[in-house]
Amino acid sequence: MRFDELGLAPELLRAISDKGYTTPTPIQAQAIPIVLSGKDLMGGAQTGTGKTAAFALPILQRLVDNPAPVQPSNARVLILTPTRELAAQVASNINDFAKHLDITTLTIYGGGKQDVQARKLKAGAHIIVATPGRLLEHLTACNLSLS
């Protein structure tokens, strides 16, 4: 199987190629079609097998297929990670895959300046990658709506 057989947009295929990837890993080949179909999925694989791409690529494809403007204090996708290091890594990978798309990603975690994050949240984003604690702080401060 090749990435171009998964029904991904040309912009995503170009970003995948830019990263030097040619064929999906087993977790990607199995997960991408399921997520693209709108079904829930829980998957597991070893470190370094491409799990982030397995969920990020179909999420980005769904955003491409269903475009909508960014809404203030809102996001279309919320990704929770347990640590700020993982949040930064996931956001970086998403940005790499979305580099040929008009999609905004915002990373929210403790240790970052909360007032700067609040301003960015109030502007809205397509995708927010967050740690639970900082996300709750912003929800309590009404900087973000999950409606």
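Keep in mind that this is a model prediction, so the values were computed, not measured.

Asker: It is not clear to me how the packing of helix 2 (residues 26–36) against helix 3 (residues 51–65) should be interpreted in this structure. Could you clarify?
Answerer: Angle between the axes and distance between the axes: these two values describe a pair of packed helices. Close contact between helix 2 and helix 3 brings their axes to 8 Å; oriented N to C, the two are set at 30°. Viewed along their axes, helix 2 and helix 3 adopt a mutual orientation that is roughly parallel. Two packed elements cross with a definite hand, and for helix 2 against helix 3 that hand is right-handed. Packed against helix 2, whose contacting residues are Ile27, Gln28, Ala31, Ile32, Val35 and Leu36, the element helix 3 presents Lys51, Ala53, Ala54, Leu57, Pro58, Gln61 and Arg62 at the interface. Here the contact of helix 2 with helix 3 is composed, by residue class, of 9 nonpolar, 2 polar and 2 charged.

Asker: Where do I start with helix 4 (residues 84–97) in this structure?
Answerer: Quick reminder: α-helices carry 3.6 residues per turn. Residues three or four places apart thus point the same way. In a regular helix each residue adds 1.5 Å, so 14 residues correspond to 20 Å; helix 4 covers 20 Å between its end C-alpha atoms and thus fits that length. Regarding helix 4, the residues found buried are Ala87, Val90, Ala91, Asn93, Ile94 and Phe97. For helix 4, the buried positions fall inside an angular range of 160° around the axis, keeping them on one side. In this fold, the buried residues of helix 4 make contact with helix 1 (10–18), helix 3, strand 1 (75–80), strand 2 (105–108) and strand 3 (125–130).

Asker: Please clarify how the packing of aromatic side chains should be interpreted in this entry.
Answerer: Here the distance between the centres and the angle between the planes together describe a pair of aromatic rings. This model, assessed by the stated rule, comprises 0 aromatic pairs. A cation sits over an aromatic face here: Lys19 above Phe97, 5.4 Å from the ring centre.

Asker: Sorry if this is basic, but what is going on with the sheet that holds strand 3 here?
Answerer: Strands pair in a sheet through their backbones, by hydrogen bonds, and they do so in one of two ways: parallel or antiparallel. Within the open sheet, the 3 strands sit side by side as 1-3-2. Their pairing is parallel. Single-partner strands in this sheet number two, and they are strand 1 and strand 2. Between one strand and the next, the sheet's axes are offset by a mean angle of 20°, whatever the strand orientation. In terms of strand pairing, strand 2 meets strand 3 through 4 bridges, oriented parallel. In the strand pairing of strand 3, Thr107 is matched with Val129. Contacts from helix 3 reach strand 1 and strand 3, with the element oriented near 170° to strand 1.

Rules used throughout
Residues numbered from 1 in each chain as written. Predicted model: local features only at pLDDT ≥ 70, side-chain atom pairs only at ≥ 80, totals over all residues. Heavy atoms only, no water. Axes fitted to C-alpha atoms, helices over the stretch in contact; angles between N-to-C directions. Helix = DSSP H or I, 4+ residues; strand = E, 2+ residues; numbered from the N terminus. Parallel < 35°, antiparallel > 145°, perpendicular 65-115°, else oblique. Left-handed = near helix turned anticlockwise from the far one by under 90°. Contact = heavy atoms within 4.5 Å. Nonpolar A, V, L, I, M, F, W, Y, C, P; charged D, E, K, R; others polar. Expected span 1.5 Å × (residues − 1). Buried < 20%, exposed > 50% of the residue type's maximum accessible area, 1.4 Å probe, protein only. Arc of directions from axis to C-beta. Phe/Tyr/Trp six-rings, centres within 6.5 Å; stacked < 30°, edge-to-face > 60°. Lys NZ or Arg CZ within 6 Å of the ring centre and 35° of its normal. Pairing = 2+ DSSP bridges.

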